[in-house]
Amino acid sequence: MTSTKQYSDRTRHRRLKMYVVDSDYKVNDQLEGAVHVPRGSLCQAQEGGRGEQLWVKMLDTGSVLKIDKEVLREVSAEVAHLLQPVSDLEYRLSLSMKPHKLLRLAALEPGAGLQVQLAQSGSWAEGVLQYRGPLTGGSGVYFGVQLQGWALGLGTSNGSHKGHQFFHCPEGCAVFVPVSHIAVATPAAPARRDRGGSGAARGMVSRTTDVSPPPGRDPPAPPPPPAVGQRVSFTVESAVQRGEVRFCGPLRGEQGVFVGILADHPVGSWDGVFKGQQVCSFPSPKYGLLLPLSKVQPAQTAQFDHRRGRSPPSPSSHSCPPPLDEKAVAPPSPTKPSQSRRSASTAATQQRRDPPPPAGPRPDRPGDQPRAAPGEAEPEPPPPPLEPGSMVEVNDPPMYGVIRWIGEISGISDTVAGLELDEEVTAGTDGSYLGERYFRCAANRGLFVKLKNCRPDSRFPAHQAQANPVERCNSIAFADWASERVEENTPPLLGTEARERFSGWKRGIQGNCNSCYLDASLFCLFSFSSAVDSVLLRPPGPQDDTLYLHTQDLLRNEIVNPLRRYGYVCATKVMALRKVLETPGGSSGFICEEKDPEEFLNKLFQLLRVEPLLKIRSSTQKPQDCFLYQLFPQQRASVRVPTVQRLLEWSFVQADLKFNEAPSCLMVLMPRFGKDYKMFDAIMPSLSLDITDLLDDTLRQCSVCQAVAVLECVQCYEDPDITPGCIKQFCATCCQQVHSHRRRLSHSPRRVGVPEGWWAGPGAGSGPRARERLELFAVLCIETSHYVSFVRHGPGDEDWLFFDSMADREGGQNGFNIPQVSPCPEVAPYLRLPEAQLRELDPASLQGRPRRLLCDAYMCLYHSPELSLYK
């Protein structure tokens, strides 16, 4: 019989097998619940597997799950460690099928010449391999590369990572990248030619092409940065905009190259100043933008993703296709393919439109274009620009389809369009091109051609002009997206019923034309809380005018009540509110420009004559009335991830502030400057906010003996011997004892207000006192100029919903944003983290929605359920 020691020794020396997950898999785990394991995930076998299933540890998440063996494909440990840092799971899966290429790259010696892809811009640059191996805290293999040539200064470090020096080079000249971002620097191999034997037409690409280029092929040369004065394009919300470059280069304290743009339309918010330095100038901040180089393209090669309303990521180097021919030729096909269901529906829509004006001469009118000369044909209006969602045809005889994607593909100089065809073709794909996914469609219906070879679908000659996104909200096109008016008072739902009503697509508030700041703010305030319902229910007074009555009716009956009853409000209703906000003589830009939530809320509360939510006083000034409080600590906190409780107390102590009275609703803006700079990498929203010690003229406990406090000492706030990081107040006896220490002789305690009563007299007893607490009910977050919100819908720790008013999109620029609300119980464990674990939390380790909640918090909203009944 084998002894336990012998078994342990044998197990210790046996290397556990590594696997890659070949297909999407769902696990119903007893501890984790329903867990989705995406294809491309890496895992390591554990002991105890029996039968058709195997216990594995997921390398990406650390979870231990039981998975069917049929979805697992074994890879060597060396290959697994190379693949682990690759974040694109589809690309990771394709690389796992070519282990010999990975091992060839892993065998490179220090000093080898490389091409490396920069994360900021996606461009490829020259470099020299200096280090290969794991970084701190992991087993994944990274490649440390020293940049050369034009990329000098665009790196992320001097060869160090998180305080560990792996090699030495000048600052800003080193990058640490996974194996997916490097290629051997050798002369480019000739492009592979289509031999024509597969039946694929010229200008199309067979699905059997290799996923990645041979190891000896160079990545494409990086495009040169745009020059000052060059015309460029970029995406704002769901629209492609254009402008002129006014600045291009690195910025102090930032990594990568940035571009300052003078926009053609007022879609910006930058005045040309960065960290106090004048970088460039604009006639108005509304026309100025500062964008990373990766977000900017030459004006003639703009990319646009109709599903997400933003530019798609640049294809990786492994999708380097052979060049498309100038003119694509279709394979044999019927001369007139039958219309698909989509085409028939579109045809019916076109027939309902007004017919075009009859051809022929007409009287001249002021402003008319000159008529054609006698005998000449009347000039046709130019067709609208092609975009995702446009119906087009290609080749002769024609093939018909819809553009699903427009962008750039490595190795092809012209802009490429991805089409979903009405009928299958032999050379068709499912929306992939050389292993890279660009869109999804049925098999053999995806086709990639040069955009210049596409022309509008001749079966439907009526061109649809680009609509005004503001006016389009009120058009008949929004009929299928309309929401109802509800005049009955509708309190918010809570718990399971609320989750079921709100969860899903077309839920929440529909976004349109830069409205995310307003959508997210309204959803935070009114979806599941009554903290500010007084603005909806206050009866009009003699001083209230027609504007007040209209605004209150619109907010209550068109937005809040329908949202609570049906879980959805269309963009038309929100646009009506935006027009009210932009009244003559008031603020501008609410209709179509991007604003900050606090600017919107201040304007809305002023129109509705709301009593100030906060009354705050300092020792030298009279009480100030306001609606929101901005956290602006004068120094950085000593903790890595501070809580809102800590920051609020710290901010009040440093500024010598107190609440005059307990607020029923407290909206706290996080310490950040604009949308980009954040004072902290992550902030923990406190579930409960204790404001007892921040109130003026209230009972407070002595920090030592819990008797009634009569003195407060600001200098003791960070004292490590007396609960550091907390406000210190003392009774007279304890204050004298504490400040008799030689380190505290210079402190200046001062008296605090104590309300009259038996507790204030001599001999008042000690014991616990009632605390004034506010509860967190919503967090508004921002990431890359887009606002989303996390809202608590019940008393449970996991009762959290995530809302995005522009989570998806139907159609191109003339399409519709699709809002989504989804449960996010995964944030609950982070919100419950104790102080000890919070000190060890690394913001860089956060992923998914927990990362958005902690790293992108813009405003935390608290309320007092008891006080809300009376205020």
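Rules used throughout
Residues numbered from 1 in each chain as written. Predicted model: local features only at pLDDT ≥ 70, side-chain atom pairs only at ≥ 80, totals over all residues. Heavy atoms only, no water. Helix = DSSP H or I, 4+ residues; strand = E, 2+ residues; numbered from the N terminus. Buried < 20%, exposed > 50% of the residue type's maximum accessible area, 1.4 Å probe, protein only. Contact = heavy atoms within 4.5 Å. Areas by Shrake-Rupley, 256 points an atom, 1.4 Å probe, with all protein chains shown as cover. 1 Å grid on protein atoms, 1.4 Å probe; cavity = no way out; pocket = protein on both sides within 12 Å on 5 of 7 lines; lining within 4 Å. Points joined across faces, edges and corners; volume = space filled by probe spheres on them. Nonpolar A, V, L, I, M, F, W, Y, C, P; charged D, E, K, R; others polar. Axes fitted to C-alpha atoms, helices over the stretch in contact; angles between N-to-C directions. Parallel < 35°, antiparallel > 145°, perpendicular 65-115°, else oblique. Core = buried A, V, L, I, M, F, W, Y, C linked by side-chain atoms within 4.5 Å. Pairing = 2+ DSSP bridges. Polar contact = N/O pair within 3.5 Å; in protein donor to acceptor, adjacent residues only side chain to side chain. Arc of directions from axis to C-beta.

S.K.: Run through the overall build of the protein, naming residues and quoting values.
M.R.: The secondary structure content of the protein amounts to 18 helices and 47 strands. Buried positions account for 49% of the 871 residues belonging to the protein. Pairs at least 24 apart in sequence give 64% of the contacts found in the protein among residues at least 6 apart. As presented, the protein carries roughly 42,500 Å² of accessible surface, and 51% of it is formed by carbon and sulfur atoms.

S.K.: Got a sec to walk through empty space enclosed by the protein? Specific residues and values, please.
M.R.: Counting across every chain of the model gives five cavities of 30 Å³ or more. Considered as a void within the structure, the second largest cavity measures approximately 80 Å³ in volume. What lines the second largest cavity is Phe652, Val653, Asp656, Leu657, Lys658, Glu712, Cys713, Val714, Tyr717, Ile727, Lys728 and Arg750. At the level of elements, helix 13 (644–655), strand 35 (657–659) and strand 40 (711–713) are the ones that each hand at least two residues to the lining of the second largest cavity. Class assignment for the residues of the lining of the second largest cavity results in seven nonpolar, no polar and five charged.

S.K.: Tell me about the packing of helix 8 (residues 516–526) against helix 11 (residues 571–581), residues and numbers included.
M.R.: The N-to-C vectors of helix 8 and helix 11 enclose an angle of 105°; their axes lie 11 Å apart at closest approach. Here helix 8 is positioned roughly perpendicular relative to helix 11, judged by the angle of their axes. Together, Tyr517, Leu518, Asp519 and Leu522 of helix 8 and Val574, Leu577, Arg578 and Leu581 of helix 11 make up the contact between the two elements. For the contact of helix 8 with helix 11, a count of residues per class yields six nonpolar, no polar and two charged.

S.K.: With reference to specific residues and values, describe the environment of Ala442.
M.R.: Looking at the element boundaries, Ala442 is found in the loop between strand 26 (436–437) and strand 27 (446–450). C-alpha of Ala442 to C-alpha of Glu424: the two residues are 18 residues apart in sequence and 8.6 Å apart in space. Setting aside residues up to four positions removed in sequence, Ala442 forms contacts with Thr429 and Asp430.

S.K.: Would you mind going over the nonpolar core in detail, with residue names and values included?
M.R.: As a rule of thumb, nonpolar side chains are buried together in soluble globular proteins. Of all hydrophobic cores here, the largest spans 104 residues; its most connected members are Leu555, Phe600 and Met667. Per-element tally for this core: the top contributor is helix 8, with nine residues. Those residues in contact with Phe600 that sit more than four places away from it in its chain are Tyr517, Leu518, Ser521, Leu522, Leu577, Leu581 and Phe590. Residues Ala80, Leu105, Val232 and Leu289 belong to the second largest nonpolar core, which totals 46 residues.

S.K.: So what's going on with the pairing of strand 47 (residues 857–863)? Which residues, and what values?
M.R.: Among the seven residues of strand 47, seven are classified as buried, and the element is accordingly described as predominantly covered. Note: strand 36 (residues 665–669) against strand 47, five bridges, orientation antiparallel. Within strand 47, the residue paired with Leu669 across the bridge is Met859. Relative to strand 47, strand 43 (residues 773–783) runs antiparallel, the two sharing six bridges. If you follow Leu780 over to strand 47, its bridge partner there is Met859.

S.K.: Can you explain the sheet that holds strand 22 (residues 391–394)? Please cite residues and give values.
M.R.: Ordered in space as 27-24-23-22-28, the five strands form an open sheet in which the pairing is antiparallel. Looking at which strands have only one partner, the edges of the open sheet turn out to be strand 27 and strand 28 (455–456). Bridge count for strand 22 against strand 28 is two bridges, and the pairing is antiparallel. When the sheet's bridge partners are listed, Glu393 is paired in strand 28 with Arg455.

S.K.: Could you give an account of the side chain of Asp690, with specific residues and numbers?
M.R.: Mapped onto the elements, Asp690 comes out in strand 39 (residues 688–690). For Asp690, a relative accessible area of 11% corresponds to the buried category. In this structure the side chain of Asp690 is engaged in a polar contact, spanning 2.7 Å, whose partner is the side chain of Thr692. In this structure, Asp690 is in contact with Gln645, Glu649, Arg771, Glu772 and Arg773, ignoring residues within four places of it in sequence.

S.K.: Before we move on, could you go through helix 4 (residues 99–106) and cite the residues and values that matter?
M.R.: Among the residues making up helix 4, those that are buried are Lys101, Leu102, Leu105 and Ala106. In an axial view of helix 4, the angular spread of the buried residues amounts to 140°, which keeps them on one side of the axis. On the buried face of helix 4, the contacting elements are helix 2 (77–83), helix 3 (89–96), strand 9 (124–134), strand 10 (141–147) and strand 14 (182–184).

Functional significance is not addressed by these values, which are geometric in nature.
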